[in-house]
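# Coordinates in review
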Amino acid sequence: MSLGKESKDIFKNMGVHFRTGVSYMLPLLLIGGFCGSIAVFGKASDSEFWKVFRIIGEIGLKYFVPIMAAYVAYSIADTPAIAPGFIIGILAQQTDSGYLGALFGGILVGYATFLVFKIKIPEMLQSSWGMIAPVFSTLAVAFILVFLIGPPLAWLMDTIGSYLHSLGKSGNASMGAIMGALGGIDYGGPFSKTQSTFATAAMDLKTFVPLGITAAFVTVPPLGLILATFFKPKFYTKKEKMYAKSSWVYTLIAGFTEIAIPLAASDIVRSTIATVLGCVVTGSIAGFFSLELYTPVLGIPQWFFFNKPLVYWGSLSAGVITTALAVNFLKSISKRDIEKIEKQEENV
Amino acid sequence: MKIVLITACLAGVAQSKMAAVAIKKEVEARGFEISIEEQGGHKVTVRLSQEQIDTADVVIVAKAITISGRDRFRNKKVFETEVNKALRDPKGTVDKALEVINQK
């Protein structure tokens, strides 16, 4: 492949590279958030025992940023780019451009590492060039980051940070509504992933409300659609009812949005309208009461890390019931031919 | 017919699992053999053996992130898709993978 074509491929797959970074970053947030939340119990104590929890919490919540940069770079240029990405990520933090600096720095240093390995070198020197090359890519991107793209990104991070911190009840509620609309619209597709990535990225700014909002509505689509089949069984096919009965416990335990897909897929428009509504309701309630979550976990572990568990259960129920009523209302206006669908299902 | 499937998603909790189940059902309904490897952030990957990969007719890669261990199937016929597409349309995914086998 030519250099131009390979470069084009790299930039075309930017979403994949970004998500790879996020994928490797999540466990840090989880370990850090988990230990940090436990440390709250020992707040008053000064003993070494509780200090261990506290320090692990701080490490996880600080170093998820460079790990993300490292694995964005890894996704672009494979193993040689991990170390440059890690260094650039820490540099971004120390020069205040934080998450955004690390993201763009990681992309740049990944691409730069890819480029320096493309330089034609005499056969004899190739193995030593392999060791030296990442030094140059790291240096080049470090200068770009510090003198060129760093300062505007630092300003942007600061602005977003102080904006998120200054949001009052109604501000948080509208943020929750927007996030809910994104989260309920495509059942774990690009929109909801964008929204949940924003929620985890906001942890770099020491704001935990976005994560709390996300966690509150993540199970609204599956639970809402499941509840709807219990309210009005006659609107659903046998297969759908069976799936609903077998999956509601699993939804509570595992707690992710994608469980809704089999229920939504056969009637995507009406289901999506209902789940968006439900998620908006849950999101705005959770935002209004500043629901916070300190670690990005799903399912049962979530229940123990909310700052206001009552708000969680309240907003969740409101959203689930809204979704169930809305989808059944929509189905009652324009009915599907259940018998026909059931016959088709039998034939398959 | 032997098919190898690699699924990979952000956390390795939801989509990779569900896509694997959907494709497995579709492939087995057609009477083919399938071996599956799931990857993701919160998951210990159970690696496919090199033998499983070598004897497969086609490798399906359904991913949202860069998969690890790509060099294991350097000489294989590979059909790449997004994990979301595989999850929503297992039939089309398998159809397209079979087309890849017939391409020279």
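As the structure is a prediction and not an experimental result, all values here were calculated from the model.

Reading the values: rules and limits
Residues numbered from 1 in each chain as written. Chains lettered and ligands numbered in written order. Predicted model: local features only at pLDDT ≥ 70, side-chain atom pairs only at ≥ 80, totals over all residues. Heavy atoms only, no water. Pairing = 2+ DSSP bridges. Helix = DSSP H or I, 4+ residues; strand = E, 2+ residues; numbered from the N terminus. Axes fitted to C-alpha atoms, helices over the stretch in contact; angles between N-to-C directions. Contact = heavy atoms within 4.5 Å. Core = buried A, V, L, I, M, F, W, Y, C linked by side-chain atoms within 4.5 Å. Buried < 20%, exposed > 50% of the residue type's maximum accessible area, 1.4 Å probe, protein only. Domains from an automatic or database assignment. Phe/Tyr/Trp six-rings, centres within 6.5 Å; stacked < 30°, edge-to-face > 60°. pLDDT = per-residue confidence, 0-100. 1 Å grid on protein atoms, 1.4 Å probe; cavity = no way out; pocket = protein on both sides within 12 Å on 5 of 7 lines; lining within 4 Å. Points joined across faces, edges and corners; volume = space filled by probe spheres on them. Nonpolar A, V, L, I, M, F, W, Y, C, P; charged D, E, K, R; others polar. Buried area = accessible area lost by both parts, 1.4 Å probe. Salt bridge = Lys/Arg side-chain N within 4 Å of Asp/Glu carboxyl O. Polar contact = N/O pair within 3.5 Å; in protein donor to acceptor, adjacent residues only side chain to side chain.

Another point: the sheet that holds strand E2 (residues 33–40) of chain B. Residue and element names in this part refer to chain B. With parallel pairing, four strands are arranged side by side in an open sheet as E2-E1-E3-E4. Every other strand in the sheet has two partners, leaving E2 and strand E4 (78–82) as the edge strands with one partner each. Here the strands of the sheet are splayed against their neighbours by 15° on average, with no regard to which way each runs. Direction of pairing for strand E1 (residues 2–9) relative to E2: parallel, over a ladder of eight bridges. Looking at E2, one finds that Thr7 is bridged to Glu38. Taken strand by strand, helix H4 (residues 90–102) contacts strand E3 (58–63) and E4, and its axis lies near 155° from that of E4.

Moving on, we get to the nonpolar core. Formed by 73 residues in total, the largest nonpolar core has its most connected members in Tyr99(A) and Ile6(B). Here this core gets nine residues from one element, more than from any other, and that element is helix H3 (residues 48–77) of chain A. Each of domain 1 (3–166) and domain 2 (169–347) of chain A contributes no fewer than three residues to this core. Setting aside anything within four residues of it in sequence, one finds Tyr99(A) in contact with Phe18(A), Val22(A), Met25(A), Phe64(A), Val65(A), Met68(A), Met157(A), Thr197(A), Ala201(A) and Asp204(A).

Time to look at the packing of aromatic side chains. Residues and elements named next belong to chain A. For the coordinates displayed, the defined rule picks out 18 aromatic pairs over all chains. Centroid distance Trp50 to Phe53: 5.6 Å. Interplanar angle 40°. Geometry classified as tilted. With Trp50 and Phe53 both in helix H3, this residue pair falls three residues apart, about one helical turn. Owing to a relative accessible area of 21%, Phe53 belongs among the partly exposed residues under this scheme. On the numbers, 5.7 Å between centres and 25° between planes, the contact of Trp129 with Phe136 is stacked.

Let's shift gears to the confidence of the model for chain B. Residues of chain B with pLDDT of at least 70 account for 99%, and the chain-wide mean is 86. Looking over chain B, one finds the lowest element-wise mean pLDDT in helix H3 (residues 83–88) of chain B, namely 85, and the highest in E3(B), namely 91.

Residues and elements named next belong to chain A. Counted under the stated rule, the structure contains two cavities of 30 Å³ or more. If you add up the space inside the largest cavity, you get close to 50 Å³. Every element with two or more residues in the lining of the largest cavity is listed here: helix H11 (238–254) and helix H14 (309–333). Classifying every residue of the lining of the largest cavity by side-chain character gives six nonpolar, five polar and no charged. The volume enclosed by the second largest cavity comes to roughly 40 Å³. Leu225, Thr229, Tyr236, Leu263, Ser271, Val327 and Lys331 together form the lining of the second largest cavity. Elements with a minimum of two residues in the lining of the second largest cavity: helix H10 (220–231) and H14. Among the residues making up the lining of the second largest cavity, the classes are represented as four nonpolar, two polar and one charged.

Glancing now at the domain arrangement of chain A. All names here are of chain A. Segmenting chain A into domains produces domain 1 (3–166) and domain 2 (169–347). Taking both partners together, domain 1 and domain 2 bury about 1500 Å²; carbon and sulfur atoms supply 76% of that area. Of all residues in domain 1, Ser37, Leu61 and Leu164 give up the largest surface area on contact with domain 2, accounting jointly for 30% of the area buried on that side. The interface formed by domain 1 and domain 2 holds zero salt bridges in total. Counting across the domain 1 and domain 2 interface gives three residue pairs in polar contact (both at pLDDT 80 or more). Of all the elements in the fold, those that place two or more residues in the side of domain 1 that touches domain 2 are helix H2 (14–39), H3, helix H5 (98–116) and helix H6 (126–166). Residue composition of the side of domain 1 that touches domain 2, grouped by class: 14 nonpolar, six polar and no charged.

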